[in-house]
Amino acid sequence: MSDQNEIDDILNELKYKLEEKEISPSPDKNEEAVASQGEKGNADIDFNTLVESYDTGEKQTENITERKSDDNGKPPMNKKKIIIIAVAIIAAIAIIVGVCVAVANSKKEEPTTTTTTTTTTTTTQAPVQVVNPLTGSTDFNKAALGKRPVAIVVENSQPARPQWGIADGKNPPDIILEGEVEGGETRMLWFYADYTAVPDQIGPIRSARPPYIKFSQLFDSIFIHWGQSSSKGNYVGANTVFQTDNVDHINQMAYSDGVGLFGRDKSRGVSSEHTGVLYGNKLPDAIKNSKFRTKVNENKLSKLEFNEEEKEVGTTQCATFALTFSSRTRTRDWTYSADDKMYHCTDYATDVARKNLLVLYDNTQYVVKENYKGSGRSEVYCNYELAGGKGKLISLGTATDITWTVENGLLKIKDANGNTVKLNAGTTWIGYASSNNGGTDKIA
């Protein structure tokens, strides 16, 4: 049976009993009957009718009082007792209804469900910056992080200029090392931290020399070249260094080029030795097919440090800078531009711009190789000792003196107080000069 039906049955029973039994004229009995009905709490009565009777109670009481006797000839109750009985009945009904409602509500009460509200605090983390280890730039290819750089030999004789890729608008070399080789000429070593980003064509590619191989090892690089110097007499050539130092390298003259890594560009009408080029988009496959280790050895990678925000590196103003590598070479001239905050050089028959100029003075030694290539004449090679020494850092229109050393195969650059020198983020040109054979520089 539903709760509502139970309440209806209780009210109907109360109504029936009130209609069946007349209210006794005896004050004592009438009060007992009312009290008895209130205590039972289960009588049924028309609540609306009762309320209506209560609202008009005074009139009904007067009618009862005026009656001289009831149908049995008994005297009617007085007005005061009728009011008391009516009030008692109303109170009893209120109690009954309250109890019934309480019972109904208790039966309908559903199990309490506890809802736990979880507050999630979202912390916004700064995006992780992927930094180029050779330039400090934060737009580096994430896939190249932790991979070995490549070091590629590029010539600098007059017929080779302008070099393909030296001023590439998208991916110029991260670092250009330039130093003396033989005959008063300089040669360059181009470093790329991401070997998948080498421009489609760079060059002219030329032959390896021992000092360049040694310097590339400071950055755990894969070495790429077109030919090499060979040992003879008291001259230790590149071929010997590759073997003794177990260097990963690709030599066009000994490479089974199944991917088309090398080619020739004869559009300039120069002799053949100035036409050899490398196609950068073929380099990843060439390295893969060579099965070289591609993960960088952090213990063999020199860590260049960079300023978080670019700033002047010294108190000496430097609007122009000139470096003469030795008494046998020409001078390389650079001019600072406040517009792009870069140093510019046009000696390469094109505009080459660099954020940092780093000069490293090293002891050099000239070694004579007799009967060069069976010609009957001698060739004089320039070897660098990689012994460390003094130098300069030029950036943002200023210059400062530095010292450099090689410790446990790593390049260390410090200021006059022994603190690590920080470069400004961007590309760097390293002038590798002689400290004992006429290398000089000029700041203006």
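The rules behind the values
- Residues numbered from 1 in each chain as written.
- Predicted model: local features only at pLDDT ≥ 70, side-chain atom pairs only at ≥ 80, totals over all residues.
- Heavy atoms only, no water.
- Helix = DSSP H or I, 4+ residues; strand = E, 2+ residues; numbered from the N terminus.
- Buried < 20%, exposed > 50% of the residue type's maximum accessible area, 1.4 Å probe, protein only.
- Contact = heavy atoms within 4.5 Å.
- Areas by Shrake-Rupley, 256 points an atom, 1.4 Å probe, with all protein chains shown as cover.
- Arc of directions from axis to C-beta.
- Core = buried A, V, L, I, M, F, W, Y, C linked by side-chain atoms within 4.5 Å.
- Salt bridge = Lys/Arg side-chain N within 4 Å of Asp/Glu carboxyl O.
- Phe/Tyr/Trp six-rings, centres within 6.5 Å; stacked < 30°, edge-to-face > 60°.
- Lys NZ or Arg CZ within 6 Å of the ring centre and 35° of its normal.

Caption draft 1: Layout of the overall build of the protein chain. Tallying secondary structure elements over the protein chain gives eight helices and 22 strands in all. Looking at the 444 residues of the protein chain, the share that counts as buried comes to 42%. Within the protein chain, residue pairs in contact and separated by at least 24 positions form 68% of the contacts whose partners lie at least 6 positions apart. With the model as given, the accessible surface of the protein chain reaches about 23,800 Å², and the carbon-plus-sulfur share is 48%.

Caption draft 2: Expanded view of the environment of Val181. The topology assignment puts Val181 in the loop between strand 2 (175-180) and strand 3 (186-192). With relative accessibility at 3%, the residue Val181 sits in the buried group. When residues no more than four places from it in sequence are discounted, the contact partners of Val181 are Thr186, Arg187, Arg209, Tyr212, Val380, Tyr381 and Cys382.

Caption draft 3: Quick look at helix 8 (residues 283-290). If you check which residues of helix 8 are buried, you get Leu283, Ala286 and Ile287. On an axial view of helix 8, the arc spanned by its buried residues comes to 95 degrees, and they lie on one face. For helix 8, the exposed residues lying more than 90 degrees away from the buried face are Lys288 and Asn289. In this structure, the buried residues of helix 8 make contact with strand 1 (150-155), strand 4 (222-225) and strand 5 (249-251).

Caption draft 4: View of the nonpolar core. In terms of nonpolar packing, the biggest core is built from 42 residues, with Phe191, Phe215, Phe219 and Phe223 touching the most fellow members. Apart from residues no more than four positions distant in its own chain, Phe191 is found in contact with Leu134, Val150, Ala151, Pro173, Asp174, Ile175, Leu177, Phe215, Ser216, Phe219 and Ser221. Counting 41 residues, the second-largest nonpolar core is a separate cluster that includes Leu283, Cys318, Phe325 and Leu357.

Caption draft 5: Just the pattern of salt bridges, in detail. Considering all chains together, one arrives at 14 salt bridges under this definition. Two residues, Lys355 and Glu310, come together in a salt bridge whose shortest N-O distance is 3.1 Å. Here the residue Lys355 occupies a position in the loop between strand 13 (352-354) and strand 14 (356-362), and Glu310 occupies one in the loop between strand 8 (305-306) and strand 9 (316-317), the gap between them amounting to 45 residues. Salt bridges sharing common partners tie together Arg148, Asp220, Asp248 and Arg293.

Caption draft 6: Structural view of the packing of aromatic side chains. Summed over all chains, the structure comprises 14 aromatic pairs. Seen in terms of ring centroids, Trp334 and Trp429 are 5.1 Å apart; in terms of plane orientation they differ by 50 degrees. Their pairing is tilted. Of this pair, Trp334 sits in strand 11 (residues 331-337) while Trp429 is found in strand 21 (residues 428-434), placing the two residues 95 residues apart along the sequence. Here Trp334 and Trp429 have matching classes, each one buried. Members of the aromatic cluster, each reached through a chain of ring pairs, are Phe191, Phe215, Phe219, Tyr384, Trp404 and Tyr432. Positioned over the ring face of Trp164 is Arg268, at 3.8 Å from the centre of the ring. The ring of Tyr366 has Arg328 sitting right over it, with the charged end atom 3.9 Å from the ring centre.

Caption draft 7: Seen up close, the side chain of Ser337. Within the fold, Ser337 resides in strand 11. Apart from the residues within four sequence positions on either side, Ser337 is in contact with Met342 and His344.

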